[in-house]
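# Architecture and fold: a report
Chain by chain, the residues run as shown.
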Amino acid sequence: MFPDAGPDDPTVTAMRARELGRKSVVVGDRVSLVGDTSGASGALARIVRIAERRSVLRRTAEDDATTAEGRLERVVVANADQLVIVSALADPPPRTGFIDRCLVAAYDAGIEPLLCLTKADLAGPEAVLGYYTELELPYVLIRPDSDLAALRALLAGRVSVMVGHSGVGKSTLVNRLVPEADRAVGTVSAIGRGRHTSTSAVALRLPPQPNADGDPGWIIDTPGVRSFGLAHVSAESLLHGFPDLVEATVDCPANCQHTAEEADCALDAWVAGGKADPRRLASYRRLLASRSGEGDPREPERNPGDPLAGS
Ligand SMILES: Nc1nc2c(ncn2[C@@H]2O[C@H](COP(=O)(O)OP(=O)(O)OP(=O)(O)O)[C@@H](O)[C@H]2O)c(=O)[nH]1
Ligand SMILES: [Mg+2]
């Protein structure tokens, strides 16, 4: 797959060759094939090499790096250029803590973030956008009847991966972008217990547009996640997900952990001086606490001010 593959190149079915050992192939990997690459029905090629990955988006099952479950790391996709953070404005309600975690993961992986707010027909975006005022975070608003031209322009020429809670409308959007995709779409069930309609990640080539030249790009739909664990990200790197705060820390004492308990942490004065939103500092500190096992395990990604579930 991928940008250098032409639209008329065949789709090849391939399996992992034994010589790859335990190395796993993930969606987005660029691979070398041997065998029957004709794409004819019944033809099977073998994947013999995985090219070096340009980017790797990872998440852990939980935040806590002190437990085996917490350390269980999953590669979400390889070689993505853009992380499309999909959040519904209602049903399920937006979680800025989740978006913040995705931003950390994106910056950590060197992938550009794009905020995609769906279900704009059900609620307004003001609260979520207000929270991100200080970040120059690109965003798109999606409603069932919205024109997707702006989104298509942002997806053109790159490989984008969508992540978000179950039921936010990722597959619905993919089906609109790629009409022949035919991704299964579900109904929204209770958060947390929600059934996940999509069960595996799939990369799809976006169709060429009448008035645009060049590569329309690729979109990767992924199964909904309940949380975005960040045990694999160092405490220092967590801060890179908060570019509105990072500048302040040059004034912190050596070895400052930036927690609320640090008497001289410069972040408090930064926020008190109106340089950043206090809710962002609170979110950063909640993330720090969650990594040391002190967070609220029920809804770790709901920040105060986010709507309650069911609203
Ligand atoms: N009102 C409204 N409903 C939407 C919108 N987008 C999606 N939905 C509905 O939301 C429900 C869930 O959509 P899906 O596309 O299956 O959500 P998903 O993010 O792919 O979910 P998982 O595959 O479980 O991760 C469906 O009933 C959609 O019809 C929207 O913009 N507005
Ligand atoms: Mg889906």
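As a reminder, the structure under discussion sits directly above these lines.
Residues numbered from 1 in each chain as written. Chains lettered and ligands numbered in written order. Predicted model: local features only at pLDDT ≥ 70, side-chain atom pairs only at ≥ 80, totals over all residues. Heavy atoms only, no water.

## Some details on the nonpolar core
- Of all hydrophobic cores here, the largest spans 51 residues; its most connected members are Leu-57, Leu-83, Tyr-132, Leu-245 and Tyr-284.
- Element by element, the count of residues in this core is highest for helix H2 (residues 96-109), at 8 residues.
- Tyr-284 has contacts with Ala-235, Leu-238, Leu-239, Phe-242, Leu-245, His-258 and Leu-267, leaving out every residue within four places of it along the chain.
- Counting 20 residues, the second-largest nonpolar core is a separate cluster that includes Ala-88, Leu-151, Leu-173 and Leu-204. (Core = buried A, V, L, I, M, F, W, Y, C linked by side-chain atoms within 4.5 Å. Buried < 20%, exposed > 50% of the residue type's maximum accessible area, 1.4 Å probe, protein only. Helix = DSSP H or I, 4+ residues; strand = E, 2+ residues; numbered from the N terminus. Contact = heavy atoms within 4.5 Å.)

## Considering the sheet that holds strand E3 (residues 45-50)
- What the 3 strands build is an open sheet, ordered E1-E3-E2; its pairing is mixed. Only two strands of the sheet have a single partner each, and these edge strands are strand E1 (14-16) and strand E2 (31-35). This sheet shows a mean twist of 40 degrees between the axes of neighbouring strands, independent of strand direction.
- With 5 bridges joining them, E2 and E3 adopt antiparallel strand pairing. Across the sheet, Ser-32 pairs through a bridge with Arg-49, a residue of E3. (Pairing = 2+ DSSP bridges. Axes fitted to C-alpha atoms, helices over the stretch in contact; angles between N-to-C directions.)

## A few points about the sheet that holds strand E11 (residues 218-221)
- Spatially, E8-E7-E6-E9-E11-E10 is the arrangement adopted by the 6 strands of the open sheet, whose pairing is mixed. This sheet does not close on itself; its edge strands, each paired only once, are strand E8 (139-141) and strand E10 (202-205). Going across the sheet, the axis of each strand differs from the next one's by a mean of 25 degrees, ignoring polarity.
- Two elements, E10 and E11, share 4 bridges in a ladder whose sense is antiparallel. Among the inter-strand pairings, Ala-203 is bridged to a residue of E11, identified as Ile-220.
- Against the sheet, H2 touches strand E6 (82-88), strand E7 (112-118) and strand E9 (159-163), its axis set at about 175 degrees to E6.

## Observations concerning H2
- For H2, spanning 14 residues, the distance from its first C-alpha to its last is 20 Å, which sits close to the expected 20 Å at 1.5 Å a residue.
- Within H2, 12 of the 14 residues are buried, which leaves it mostly tucked inside the rest of the structure.
- Taken together, the buried positions of H2 are Thr-96, Gly-97, Phe-98, Ile-99, Asp-100, Arg-101, Cys-102, Leu-103, Val-104, Ala-105, Ala-106 and Ala-109.
- Backbone geometry just after H2 places Gly-110 at a positive phi near 70 degrees. (Expected span 1.5 Å × (residues − 1).)

## As for the side chain of Asn-79
- Considering the arrangement of structural elements, one finds Asn-79 in the loop between strand E5 (73-78) and E6.
- The class of Asn-79 is buried, set by a relative accessible area of 2%.
- Here Gly-28 takes part through its backbone oxygen, which lies 2.8 Å from a polar atom of the side chain of Asn-79. (Polar contact = N/O pair within 3.5 Å; in protein donor to acceptor, adjacent residues only side chain to side chain.)

## With respect to the pattern of salt bridges
- Counted according to the given criterion, the structure contains 10 salt bridges.
- A salt bridge links Arg-46 to Glu-19, with the nearest nitrogen and oxygen atoms 3.6 Å apart. Remark: Glu-19 occurs in the loop between E1 and E2 and Arg-46 occurs in strand E3; sequence separation between them is 27 residues.
- On the basis of relative accessibility, which here comes to 38%, the residue Arg-46 falls in the partly exposed class.
- Residues Arg-279 and Asp-277 are paired through a salt bridge, measuring 2.7 Å at the closest nitrogen-oxygen approach.
- Judged by its relative accessible area of 37%, Arg-279 is partly exposed.
- One network of salt bridges, with partners in common, ties together Asp-100, Asp-244 and Arg-280. (Salt bridge = Lys/Arg side-chain N within 4 Å of Asp/Glu carboxyl O.)

## Some words on the pairing of E11
- Burial of the side chains of E11 extends over both faces: Trp-218 and Ile-220 are buried on one face and Ile-219 and Asp-221 on the other.
- Sheet analysis places E9 next to E11, joined by 3 bridges and oriented parallel. Looking at the pairing, Val-159 lines up with Trp-218 of E11.

## Section: the packing of aromatic side chains
- Summed over all chains, the structure comprises 3 aromatic pairs.
- Taking 6.4 Å as the distance between ring centres and 65 degrees as the angle between the ring planes, the aromatic pair formed by Phe-98 and Phe-228 counts as edge-to-face. Here Phe-98, found in helix H2, pairs with Phe-228, found in the loop between E11 and helix H6 (235-238); they are 130 residues apart in sequence, far enough to count as distant. Per residue, the accessibility class of Phe-98 equals that of Phe-228, and both read buried. (Phe/Tyr/Trp six-rings, centres within 6.5 Å; stacked < 30°, edge-to-face > 60°.)

## Regarding unusual backbone geometry
- The linkage connecting Asp-91 with the following residue, Pro-92, adopts the cis geometry, with an omega of 0 degrees.
- Of note in the backbone geometry, Asp-91 takes a positive phi value of approximately 55 degrees without being a glycine.
- If you trace the backbone, Asp-91 turns up in the loop between E6 and H2.
- Positive phi, close to 65 degrees, is recorded for His-258, a residue that is not glycine.
- Along the polypeptide, His-258 turns up in the loop between helix H7 (243-246) and helix H8 (266-272).

In short, shape yes, function no, at least from these values alone.
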